[in-house]
Structure formats: C-alpha cells, structure tokens
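# Analysis of the macromolecular model
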Amino acid sequence: MTNSIAEIEQSECMLVVGSNTTEAHPVLALRMKKAMRGGAKLLVVDPRKTWLAERADVHLQIKPGTDIPLMNAIANVIISEDLHNKQYVESLTEGFDEMKLAAAEWPVERAAATCEVDAGDIRKAARLYAAYKHAGIYYTLGITEHVCGVDNVRSLSNLALITGHLGYEATGVNPLRGQNNVQGCNDMGNNPVYLPGYQEVADGAAREKFSAAWGQQVSEIPGRRLDQMLDGLHDESIKAFFVMGEDPIVSEPNVEHVHVGFKKLELLISQDIFLNETAKIYADVVFPATCFAEKEGTFTNSERRVQRVRKAVDAPGEARTDLQIIFDLAKELGHDWGKAQPSKVWDEFARLSPNFSGINYARIEESGIQWPCPDVSHPGTKFLHEGAPIRGKGRLYPLDHIKPWEEADDDYPLTLSTGRTLYHYNAATQTLRNEGHREKQPKSFVEISAEDARELNIADKEEIVVQSRRGSIVSWAKVSEKVRKGVIWMPMHYAEASVNILTGDGKDLKVGTPEYKLCAVRLHKP
Amino acid sequence: MPTNTLTINGEQVAVLQGESLLDACAKMGISLLTACHDNRLEAYGGCRTCLVDLDGAPRPVPACKTLTSAGMVVSTSGEQLETVRATIDEMLECIPAAALETWTDANRFIGYDPQQCIMCDRCVRYCDEIMQCNALEHVGQGVDAFIQPTQGDSFLDTSCELCGGCIGTCPTDALYSKQSLKVFNEQSDAVLSSTRTVCNYCGVGCVIDIESQGNNVIDIDAQTGVGPNDGHLCSKGRFAWQFINHPQRLTKPLVRNTESGELEETSWQNALSIAATKMLDIKQRHGADSLAFLASSRCTNEDVYALQKLARAIIGTNNVHSCAAT
Amino acid sequence: MDIDCLDSLRGCGGAGFPTSFKWNAVRDANADFGKVIICNADEGEPGTFKDGWLFDNHCAAVIDGIRHAAEYVNAQRGFIYLRPEYSAQRELISAAIQQMVSDNKLAPQSGRIFQANGFPGRPAQLDNGGLSIVELSSLDWFVEHGSHDLVGETQQSGGLAHDAMLQYPLPQNEDIEAGFCLDICLGGGAYICGEETAMIESMEGKRPQPRHKPPFPTTNGLWGLPTLVNNVETFWWAERMISGEWQQDAERLFSISGAVNKPGVYQAPIGITARQLINDYAGGVKDAAEISCWIPGGAATGVLPPTLLDCEMSTEVLREHGTTLGTAALVVFTEESALEVSTKIMQFFAQESCSQCTPCRIGCAEFADYLADEKHNWPHRGSIDDWLQAMQLGSICGLGFTAPLIIHQLQKHFNFEVQHAN
C-alpha cells in the first residue's frame, strides 16, 4: 500500500477494484465503512455485487477480465473532460502522450460494450474519482490474478498519476495483501530476481554485498518463479523442491497438471503445521513446524508496518520453530549459523537492506514501524511518493485490452471466478478446523445468477457438477443476486471441491501470476 | 485546529474543538468511570457514570456526551455529584427482571448473559456504526429490556458476520466468547497469560492479544488504540484459533518409507540428515539450480529470510519464490 | 405576521413552556435546509384525552393553528404525530387536510400517512378495538391505557413502513414551491414517544429514545432541521388568539376522568378548583362516594389528598403542593388508596422507561417494587433519598426527572413513611 490503513477514514472518494474488502480484509473494510458513514463516495469495480458494491455510488459490474478497457475509458473521460491534473502530469510523469493515445482507443461507448456496463456509470465514476482530492485506489487479486495482471495494475496507476492522486493521506494506489506476511515475504527477498530489500540479483554490487556478508558467492543466474518451478517439474529440470507452509496441489491452478509434475520429483521436503495434501502424497521428508502463536519474529502488513510476533504457547510435541528447522538444516548442510535467534536474523537483514536499516526489535516493541525507515532516528513512512513519485517521474503506460487465456464459448458457456469468503481462509486448513466456522459455511458452493439457474434448470442448494477442460468437481448451487448472468463464482477453500482442478494454465505474461480469476466452465447435474 | 479553553476543577485546560468533556478531563489526568463509552463509537451518555457538574446546566451532564465549548466551568467532584455517581454505580449492579430469561443461540461464538448486561448499548451501536450489520438490537423497555440478535433470530440467520466486536466492546461479561468458556478450565492451576502479537490471517496485520492457560489458547482479543486495527477483529482473527491446539498438528518429523511408501515418524536427526544428504546429492548430480525453494507468506520475516539465505548462500541458487502474487 | 398576541400562552403538553419563545427560536433558526413543524398528538399521559377531543370537535382550527405557525416560522413540512389508537381522529384529520388542499391552503401532496418507529417487540397499534378511553377508569386503566398492549392485532403498518418517510429526508424544492405540506405520522405506540426528542427519533425510524439536550429541536430537530414541536391544544389556543377570538391565556381544556358522573373534556378557567371541576362540570363524584385521592394533571403529577380539592388548579399554586398542572388531566379516585394509585403509576413508569439511562431504567422499577412490597423494604445500600436524587439529577429526560415526584407526593401528603431495610 502506498498509504496507511488508518488514513482510509479520511477518504473523500474510494475506488475499489477487484476487492471484496469486507470479506477478504474485514478490519480494513471498517475504515472504508467509517469513511462512507462520513459521506465519502464509493466506486466499486467488480463482476460481483459485493457488500461494498451494493452500497456504492457507482458499481461497475464488469465482465470479468475487462479491467483495462474500463480504466482506459475512465482515463479517457478524465482527459477529454479536462479533469486531469495538468501540472502533475507535466512535471511529475512521463509517457502521457502515448498513454493518452492508447486510452483514446477506448471511448466510453466502446468500453461500455466490451465491459458490459452502462456508459453513464463510467462517466460518473471518472468524474467522481477526478473531483475529490483525497481519492484512493484499493485493489486485490481481482486485478492481479489475470493474464494481464501487471497491465491491470498499470491501468490503475495511470489513473492515479493523471489526476495526481498520489503521495498524500488516503490517496494513492493500494494493493491489499491477502496474507499476513505477503509483504514481508517479498521484502525478505523470496523472489528469483530480488535479493532482500528489493536489491536486484542482476545488480553486481548488491550481489557482492550479500556474498561478502554471507561468505558465499551469490549466483548471478536469475532464479525461477513459482510457475517456472512447476514447469521445471515437468521437464525435470527441477529435481528437488523445498516447500515451506504451502500446499501446491491445492493452491496452484490446473491441479491435474501439477500432480503430473510432482510425480516426477526426486525429493520433496515439506515443512508445515499440518500434514497437507501435497506432503501426504509426495513428501519424502516432513518437518513439523510451528504456527504464529508459538514463535518469535515479525510480520510486515499491507501498509509496510513491521510488527512483532510473540510466542504465546509451546509448540506441540517435537515441533520446532521454522527458523530453528532452517538453522538445523543449514548446519546439517555444513553451515553452522549459530543459535537461531529471530532478532539477530532481523538485524542481519536490516543491516543489508537500506530501506529497513532503522528498524530493530527494540523500536517495535510497543508498536510497529512502516518502512522505508533508513535509520534509527527515522519515524517510518506513512505514505509513499510524497511530493513526487519515488522514481522521480511517474511512468504512464499505453495499454490495450488483453483477452483472458480462456473465454467462455459454446462448449463451456460460463465464466468461473474464484475467491475468499469471510469465514474461511485460503485452503482453510485452519478455519475448517474451527467448529463454528465450519458450521457457518461447511461446504463448497457455486454462486449462480437466477437467470442462468433458470435456463439450466438448477435449483438453489442443488448438487451440481462444475466442469472445465481440465477436470470437474461437485458442488452445490447457490442462486444469488451477487453474480451477473454468464458468471459463476466459487470459494477456494474446500479441498474436496478444489476449484484449482478447474482453473487453467493462464498466467500473467510478465510475472507469471496464475489467472485464478476466470476460466470457462459448464454446469450439469451429477 | 481551533481550540477551546475551559475550566475544570478551577484549572484551565485547552482542548480541540469537537472534543468532549471526557477528553478534556483525560487531558488533565482526571479519569472518570465510564461504562457506555467506547472511543470508537459515537457518544451515548446512557450509563450516567461520568456525570459532572457544568455551570449553567440545570443538572449534571454526562462528560462523554457533552462537547466542550469555550468558557465552560466544570466540576468533577462535590458531595452531591459524588452521591449521585455512587448511587448510579449501585444501580448498575442491580440485576434486571429480564435477566431471568435469555436467548440461546446455536452459533458457537457469541453468548449472552443478561445478568451481566447493563444496557449500555455498546454492542448494538458497534454492530450498527462500525460493522454496519445491524445484527443486534435493543428490545423491550425499562428493566425488561435486553439485547438480542435482530428480529430474535439466531446470529447465524441475521446479517451478523460473527466478528465478535460486540464481545470486544462489552464493558461487562454479558457478551462472551462461547469458545473461550468451553476451553477455559476452572480447575486447572496452569498459568494464565496474555501475549501481544499479530494475527496470522490477512494482510491487515491486526495486533491481537492471545490469552492462554498453560499451553492452551483460550481466547484472542484486541485492545482499542493499538495497532492498525484499533481493537477491531474479524471472525477469523477473533475466533479461528482452535487449529493451534488441534490434535491433528504434526508433532514429529516424518520420512517416507521407501518400501511401504508410507510416511513414518522419525527422529529430528534422522529427518534432517536424510533431507540434507539428498539435497547435496541432487545438487552434485544436477546442479544448484535443480533445487527450488518455496517460502510461505504465512511465516515470519525471519523464517523466510533464513530460507532464501539457505537457498542462495548454501545451495547457491536464486530459485526462491513464494505464492505472494498481489 | 405578528405573534404578540401569544405572549401569555404557555404550552399545554405538560411542561408549560412559553409558546412564543419557541416560535421565535424556530423562526430565527438556520433556514438553509428547511424547517419542520410537528403537532404532538401522541397524548400518552394517563388521564389525558383532550387532544383526541379537539380533533373530534375542532379539527380544522387545530390545523389552522399549525398552518399559521408554519407561516410564522417559515416551515415547509409539517406532521401531526398521532397516537396510533386514534383511528377515528385520523379520518377526521385526513378529511380536514383534504379540504384544505382543495382550498389551496396546503400543498397538494399533503395528507400522506407515515408510520413512526416503536420499540422492537412492541409494534405500534393502529386500532384500539373501539375501546373508549373515557369509559375506562381507575387502576386497571393506568396499566392498560399506558401499556397500549391490550388491544388490536400486531400492526403491519399497512404498507406505510417508516422507510416511506426516509424517502423524504429533506424538503425538496418542489415541496417548498408547493407551499406547506402537512402529513400524518402514526406514533410508535409508547409513552415515551410523547417526549419530543423521542418522538423525533421514532419519526426518523429509530428506537424512540429521548435525545440529550442541548441541542434542542428548535435548532436540531427532525433530520437535524429546526423543528417546532407543540401540543395539539397549544396550536388550538394559538389559532384562537391569532384569529382574535381569544385574548388571554386564561383557560384550559381539562380532561376529567375516574370516579365522576360525567367524565369528559371541559374548558374551564385556569385557577378553578378541583372541587368545582368535579361538581360543576363533571357531574359530581360517582355514587357521591368519598374521594380517597386525586391527580391534578396526568399520572406524572402524582397524587394529592382530598384536603387540597379546593386549591387553585394553576401551576403556581400546585407547585406549592409539590406538583404542577401538567396536562390538566384530573383523575378522581374513591376506592383506591393513594399508595395503590402511586404504585400503579410507578409500575407504569417502570414499564414505559425507554431503558436508555440507568437511573430511570433501574430506579423506576426498584421504586415500583418498593411501593408494591407490603413491608416496603428498601434493599439497597444507598438511601431512598439518594436514589430519588440520582433519578432527578441523573436521568436524561422528563420521565426520569419526574418519577421521584410520585414518592415525594406520598411522603408529603399521605404521611408515607420511608422505610429502610438496613
């Protein structure tokens, strides 16, 4: 997030795109609700009629996968009606002319036809977003989990830049992180092309710094992204896989294909708190690890705030902390890193990563600090891009519509979208083990519009088979006003009805993020 | 920000416009008892425990509900005022008639004990103002009043999102966590403790307090004014903690028996040794880049830093990634 | 328009606030978003039925009073907040409004019927099943009349959910151009809805709990707009004074009920004695029985002994005896003791407390139990006086402030000894 969570309350206008915030980030949504109570305008772009969408000033219920035409049209309205921030564009951005030309390819009426929304609503949304000073954009996986995920994000940053809606309270471009430490995991360099603290592997000086610190030469060969690792299973270029707290055969798309890959693997080491599906079938070694309540450390939240995690209870049986396990394994591999002490690990990271150097355990004892925080006297950074974009000039991108990897057709006439519900979390290894949550939402369901249900002669709560070109699962129909005709939606939480049996191989062309958010399916009775 | 200067107990204090007498008193270090007040909610002024004398007002005013204005002269003590406040405190101890009847609700999270309820409306207002769910209502009148899920349905049938914010804001134990009650062992002499940490679900990073009895988690709560969540939690954050002490947790390392194909329990030394040997073997045979490491965005920064360091500094590959896609 | 003629008029809803003061306050209030007039016809004070009588007999004059007030304060919208049991009066009012619409005296859309909110679990009731309030008397009457629970089926609001009101949160331009629009709002069906701010809350579709004052409705009333709230009778007297038919605020409509031969509504001079009202107007005491106690101005004014039957019925004189003229509702008792009547009143208050503030919620109930207890045991640490004081000083609205008066009157006039358990 470029902004802080607490700032959301000060919003005058919020543009929420591809985020069912009240279910996926319920506590952050409370700040939005408060802003709404104070009169803030709310613009929602979502194929589903979410809680926020129902209450929005404008809900653009677009056809899934048409975000770029919509954002281009909005940009087009803003520019053609002269609502953009000319001073900001001139002095603090680059690429405006190209971007403007690309956007001009999407007049409102054309976009309205492609996105299947009302042209007047597009205009209204554009005018509202441009009109308010404190206007922030919030998005989540509805934007990124597409073949055009990166361009989708760019289409949003285009809007922020042409209006100058960046760099002050409640105003910026804010991805809401789906998991407790997505932010931290990236910060820590768990990325094939970035070393810790976003220092590039390609940067020789950075490599040298880490090589010196670690006493071992850091390879200059860029690593593989997750999707490339999975591909590597198939061509057998990846022989060993160390999986920490993940369950790829449940969480990765096109599960059948993933199975084929795992079968070829020589070594799978799994480290988790429960025996997950992947480990059950494929692991050679399983390390019993600890959950968040059993260890010391830090998490970094969506607003870049590093906060202390503390041990409340002992791990069960012989389970060891994740850090201890890695230290033990390192020792077994011939490298004695000494005692596994979280604060020392943090200090090593902070010393090597300038944007984090000012953060240490003593400083975050009471409350967390938001990076960038270059030195110990720095208070942390509430919002980014103050005064000007960090890179000097904000880059505007000329964008065009990119069709999804798979579109509905005569054989598979429905578009399936997937997501999270309020009561469960991802593969639900934790929440389905809670009686109350299991009872509240015990089994998989398929949200379907009344119109589609009628045409297919499907009754509410009826057992149905959802089939894609990859496979099929059994679920239960939930006739709902939330989805539009032609689109069905399923939660991703149920192993017995794993939506990833259905999802396809589409992935972002630039960073490989899978296109979980849509694939073509058909429904039939069992 | 414009300020107002007023006099409290003979001393002058400057406060921001829009602040209440309660805020002003707090600034002077005068702490007034409150029951119906929660900073996150609009002032209610119903419990009457924070009454103070205000010059010119016909009777004492509730400090929480009274906005400051310049020149106010306020007194927080005095025989009559203190008697009134003491009497109101005594009144709050009275168990009302409606307390004999209560609702039972099939939900497994939120319980209600009307004998503890002082009708401060905090839960109802929380659900209305903060959650905007309106899943709770204040029904009946006088001492027959009580709190119930809207329309008398089960919470499972209302718009309730089972966040338990009503429990969080309840100043008494009228609303309580059924889960906690179930696991709390009165007989046990295990140490009760509270540990401040961060929730492990979404990326908001709510600061929570884990309440534990010995090695058992018995509750999760959050404090107003702390962390990005300001005391708020969602249903998962507040209640989805049964997994921690779940019997299916892994407690021993496992290795696959090459003959039977089954995973079998083993010692740490054995598991680590097998893992390390095989890793080094594969590295030797196929090169460092034939090993891949997938970190979890559920683990701590330190955990995942160590993992990528192991991959880069010991194995020698940049094949480290996570499922972090946002 | 000049309202000097109203200088002497005091409100007839019970509090006796100077009418012209309120009118001027609303006239001078911020007019940016419009102003509202509410005619308080909730008439929930036990023993009081003059407002119903006024609609029965002088409906047009009352509405004329509302219209003139609207003209004076420049209000665009008005409501008659009508006690839900008054279904016969509702029809009279509707007819009168329609007539005035045809005469171009009210905006054309006038006369709509809205439903205010009540307490959950106790919906407002439209029909009182033909039960006449005047026919009821004595103790049962208090409980039954007060609780409103005894009659009718659960009101389904006849398609007039309060949402209908919320569609008109602010006066629209066309309303303003069309002239003063007067509608009927059916009350929430609870005693507290007669309290002006609780009434406003109920009209806004909320739980009818009184607001904290200040701010007062004259500046922040319905939907936050400056709002003039007056009793039905006040509008009637105002109209008579404005039209020149009447000069001085010298008479009141007395509701006389209980053990009298001719219960009813009588216009009589302020300052008349209770005995004169009973004998000269209400046909004397039923069966010529001996009066055990009486109430001067509705239940909230407490009981008085027969020895005070000759005192003047005016606020000034009654104040000397610990009470007020209230709603000028005289109730005569012959069979019930002062303690029995007071107990019923306290029980009524306990039942009708909105439960918002602690002193009223707990205090009324504890005193009701205390009076009903044969031994009058007081089980609390704090003294009875402390509790009465806490209610008087610590409550939010008039219900809590005045409930202690019931006990005070028993102590003052009936030698009721305060007992202490401890």
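Residues numbered from 1 in each chain as written. Chains lettered and ligands numbered in written order. Predicted model: local features only at pLDDT ≥ 70, side-chain atom pairs only at ≥ 80, totals over all residues. Heavy atoms only, no water.

The next thing to look at is the overall build of chain B. The secondary structure content of chain B amounts to 8 helices and 16 strands. Its C-alpha atoms give chain B a radius of gyration of 28 Å, more than 25% over the compact-globule value 20 Å for 326 residues. Viewed in the frame of its principal axes, chain B has a C-alpha envelope of about 90 × 50 × 40 Å. Counting the 326 residues in chain B, one finds 60% classified as buried. Partitioning the contacts of chain B with sequence separation of at least 6, the portion at a separation of at least 24 is 52%. Accessible area for chain B stands at about 12400 Å²; split by element, carbon and sulfur atoms hold 47% of it. (Helix = DSSP H or I, 4+ residues; strand = E, 2+ residues; numbered from the N terminus. Rg over C-alpha atoms; globule rule 2.2 N^0.38 Å. Buried < 20%, exposed > 50% of the residue type's maximum accessible area, 1.4 Å probe, protein only. Contact = heavy atoms within 4.5 Å. Areas by Shrake-Rupley, 256 points an atom, 1.4 Å probe, with all protein chains shown as cover.)

This brings us to the sheet that holds strand β1 (residues 13-17) of chain A. One key point about sheets: their strands pair by backbone hydrogen bonds, in either a parallel or an antiparallel sense. All names here are of chain A. Across the sheet, which stays open at both edges, the 5 strands sit in the order β3-β2-β1-β5-β6 with parallel pairing between neighbours. Of all strands in the sheet, those bounded by a partner on one side alone are β3 (58-60) and β6 (173-175). Within this sheet the neighbouring strands show an average axis-to-axis angle of 15°, counted without direction. Pairing analysis gives 3 bridges linking strand β2 (residues 41-45) to β3, with the strands arranged parallel. Bridge pairing links valine 45 to leucine 60 in β3. Relative to the sheet, helix α8 (residues 119-131) contacts β1, β2, β3 and β5 (135-139), its axis offset from that of β3 by approximately 125°. Lying on the sheet, helix α10 (residues 149-163) is in contact with β1, β5 and β6; it crosses β5 at an angle near 175°. (Pairing = 2+ DSSP bridges. Axes fitted to C-alpha atoms, helices over the stretch in contact; angles between N-to-C directions.)

Looking down a regular strand, the side chains alternate between one sheet face and the other. Residue and element names in this part refer to chain B. As defined by bridge partners, strand β1 (residues 3-8) adjoins strand β2 (residues 11-16) across 6 bridges and the pair is classed as antiparallel. Pairing of leucine 6 across the sheet is with valine 13, part of β2. Counting the residues that bridge the hairpin from β1 to β2 gives 2 residues, and of these asparagine 9 lies at a positive phi of roughly 50°.

You'll often see interface size given as the accessible area lost when the parts meet. Residues and elements named next belong to chain B. Here the domain parsing of chain B yields domain 1 (3-93), domain 2 (95-183), domain 3 (190-248) and domain 4 (254-322). Distance between the C-alpha centres of domain 1 and domain 2: 28 Å. Every contact between the two is made by 11 residues of domain 1 and, on the other side, 13 residues of domain 2. For the pair domain 1 and domain 2, the summed buried area comes to about 1000 Å², and 52% of that belongs to carbon and sulfur atoms. The three residues of domain 1 that bury the most area against domain 2 are Arg40, Leu41 and Tyr44, which together make up 48% of that side's buried surface. Ionic pairing is found between arginine 122 and aspartate 38, a salt bridge with its closest N-O pair at 4.0 Å. Viewed at the interface, domain 2 and domain 1 are joined by 7 residue pairs in polar contact (both at pLDDT 80 or more). Counted by class, the side of domain 1 that touches domain 2 contains 6 nonpolar, 1 polar and 4 charged residues. (Domains from an automatic or database assignment. Buried area = accessible area lost by both parts, 1.4 Å probe. Salt bridge = Lys/Arg side-chain N within 4 Å of Asp/Glu carboxyl O. Polar contact = N/O pair within 3.5 Å; in protein donor to acceptor, adjacent residues only side chain to side chain. Nonpolar A, V, L, I, M, F, W, Y, C, P; charged D, E, K, R; others polar.)

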